[in-house]
Amino acid sequence: MDRATRLLLAFLLSVGAATVQPANRLMASPAEGPRAAGQPAQQATLKPAVAKAPDIPFDDDLQTEQQLLVLANQSRQQTGAPPLTMDAGLSQAARIHAQAMLEARRLSHQFDGEPSLPQRLAATTQLQLEQEAENVALDYDAERGHQHLMLSPPHRANLLNPSYNVVGLGVVRSGDRLYIVQDFGHALPNYSAAEVKERIAAAVNQRRHQARQHELPRRDLPVADDAACSMAQADKLGTSSVRKLAQRFTVLTYTSLRPETLPSGASHAIASRNLHNFSVGACYGRTDTYPTGVYWVVLSLE
């Protein structure tokens, strides 16, 4: 095989990276649950995908996906990274995108009219993802596809990233070529509404302890969860329900994927020696801003 042919077969899409808070979205095309108590959060509005994945992938393609998983985990083991677990929902999203690339006859991370990577993944999985990333390739088989991906620094970085713990793999055949999609993610534990509030409350009193202030009793307000869910429904932190609470209490509102971690700007208010108690309202919601979900939090200090 001459060098020009090898370069053609090894062609991989160049990548970029972007970060979105609180979910650090790491994508190869610039590239985080439980339903909380209270009103259901607004769902992200997704555009239809460019193409539909085959209802039943060919056995050979399924075998190729399994081979890609084995090869990826072998490479990760060599670097000390934990193994990836294949997720059926992420694989469905990967196959849909692989089919879209086949129909377009080119590699891309997003075609005209196609949702973004976080939206594509949110449409097919209930995982709460903190990070997402994607590799795409065109090659002859799993071994050469993996080899060529590992030769590209950005794609290799995705494959070996120790933060990722789940993956979706999609393979669609076109003659002797394979359109390959690898969708990576860092899935977080799914917490109930009560667990979220317990973790936030523990973090509040830990912050108080660090500031050498007495522990605060927690007295959740009946409207606290409703106020948090109003933010999820509006996809913004400032709502009329929150403003009503702010007339009576010092109110901190924020979004988070890690309820045990308070926002850095909250320290001064939480450490005040004049506080008597606090309340926590929390609601999990998937929105246009957070397609794969986030906790919306209302922390009221009295």
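Remember, it's a predicted structure, so these values are computed and weren't measured experimentally. (Residues numbered from 1 in each chain as written. Predicted model: local features only at pLDDT ≥ 70, side-chain atom pairs only at ≥ 80, totals over all residues. Heavy atoms only, no water.)

A. Representation of the pairing of strand β4 (residues 177–187) within the structure. The buried fraction of β4 amounts to 10 of the 11 residues, a majority that puts the element mostly inside the structure. Where strand β2 (residues 129–139) and β4 come together, 10 bridges link them in antiparallel fashion. Paired with Gln131 across the two strands is His186, which belongs to β4. Both strand β3 (residues 166–174) and β4 contribute to a ladder of 9 bridges, which runs antiparallel. By the bridge assignment for β4, Leu169 is matched with Gln182. Hairpin connection from β3 to β4: 2 residues lie between these consecutive antiparallel strands, with Gly175 at a positive phi of about 65 degrees. (Buried < 20%, exposed > 50% of the residue type's maximum accessible area, 1.4 Å probe, protein only. Helix = DSSP H or I, 4+ residues; strand = E, 2+ residues; numbered from the N terminus. Pairing = 2+ DSSP bridges.)

B. Region of interest: the packing of helix α5 (residues 142–151) against helix α6 (residues 153–160). Packing of α5 against α6 leaves a shortest axis separation of 5 Å and a crossing angle of 110 degrees. Our classification of the angle between α5 and α6 gives roughly perpendicular. Residues His146, Leu149, Met150 and Leu151 of α5 touch α6, and the partners they reach there are Pro153, His155, Arg156, Leu159 and Leu160. Of the residues belonging to the contact of α5 with α6, the class tally is 6 nonpolar, 2 polar and 1 charged. (Axes fitted to C-alpha atoms, helices over the stretch in contact; angles between N-to-C directions. Parallel < 35°, antiparallel > 145°, perpendicular 65-115°, else oblique. Contact = heavy atoms within 4.5 Å. Nonpolar A, V, L, I, M, F, W, Y, C, P; charged D, E, K, R; others polar.)

C. The arrangement of the state of the cysteines in detail. Tallying each qualifying case throughout the model produces 1 disulfide. Note on cysteine connectivity: Cys229 is disulfide-linked to Cys283, with sulfurs 2.1 Å apart. On the S-S bond that ties Cys229 to Cys283, the torsion sits near 95 degrees, and the link is right-handed. In this pair, Cys229 sits in helix α8 (residues 224–234) while Cys283 sits in strand β6 (residues 278–285), placing the two residues 54 residues apart along the sequence. (Disulfide = S-S within 2.5 Å.)

D. Examining α5 more closely. The set of residues buried in α5 consists of Ala142, Gly145, His146, His148, Leu149 and Met150. If you check the start of α5, you find a side-chain oxygen 3.3 Å away from the backbone N of Glu143, and it comes from Asp141. (Polar contact = N/O pair within 3.5 Å; in protein donor to acceptor, adjacent residues only side chain to side chain.)

E. A look at the sheet that holds strand β7 (residues 294–301). Taken together, 3 strands build an open sheet; the order of strands is β5-β7-β6 and the sheet is antiparallel. Among the strands making up the open sheet, the edge pair consists of β5 (250–256) and β6. For this sheet the average axis-to-axis angle between neighbouring strands, irrespective of direction, equals 15 degrees. Along the sheet, helix α7 (residues 193–210) makes contact with β5, β6 and β7, crossing β6 at roughly 140 degrees. The strands that α8 touches are β5, β6 and β7; relative to β6, the one it contacts most, it runs at about 40 degrees.

F. Structural view of the confidence of the model for the protein chain. Of all residues in the protein chain, 80% have pLDDT values of 70 or greater, and the mean over the chain is 82. Here helix α1 (residues 3–9) stands out as the element of the protein chain with the lowest mean pLDDT, 32, in contrast to strand β1 (residues 85–86), whose mean of 97 is the highest. (pLDDT = per-residue confidence, 0-100.)

G. Layout of the pattern of salt bridges. Scanning the entire structure with this criterion turns up 11 salt bridges. Across the pair Glu114 and Arg120 runs a salt bridge whose closest N-O atoms are separated by 3.8 Å. For the pair Glu114 and Arg120, a shared accessibility class is recorded, and that class is buried. The closest approach of N and O atoms between Arg177 and Asp176, which form a salt bridge, is 3.9 Å. Residues participating in the shared-partner salt-bridge network are Glu114, Arg120 and Glu134. (Salt bridge = Lys/Arg side-chain N within 4 Å of Asp/Glu carboxyl O.)

H. Representation of the environment of Leu216 within the structure. Within the secondary structure, Leu216 sits in the loop between α7 and α8. Those residues in contact with Leu216 that sit more than four places away from it in its chain are Asn205, Arg208, Leu275, His276, Asn277 and Phe278.

I. Summary view of the pairing of β7. Buried residues dominate β7, accounting for 8 of its 8 residues. Side-chain alternation along β7 places Val294, Trp296, Val298 and Ser300 on one buried face and Tyr295, Val297, Leu299 and Leu301 on a second face that is also buried. Relative to β7, β6 runs antiparallel, the two being bridged by 8 bridges. Bridge pairing in β7 places Gly285 opposite Val294.

J. Up close: helix α3 (residues 88–104). For α3, which comprises 17 residues, the first-to-last C-alpha distance of 24 Å matches the rise-based estimate of 24 Å (1.5 Å per residue) to within 8%. Of all 17 residues making up α3, 13 are buried, and the element is well covered by its neighbours. The N-cap residue of α3 is Asp87: its side-chain oxygen and the backbone nitrogen of Gly89 are 3.1 Å apart. Positive phi appears at Arg105, one or two residues downstream of α3, with a value of about 60 degrees. (Expected span 1.5 Å × (residues − 1).)

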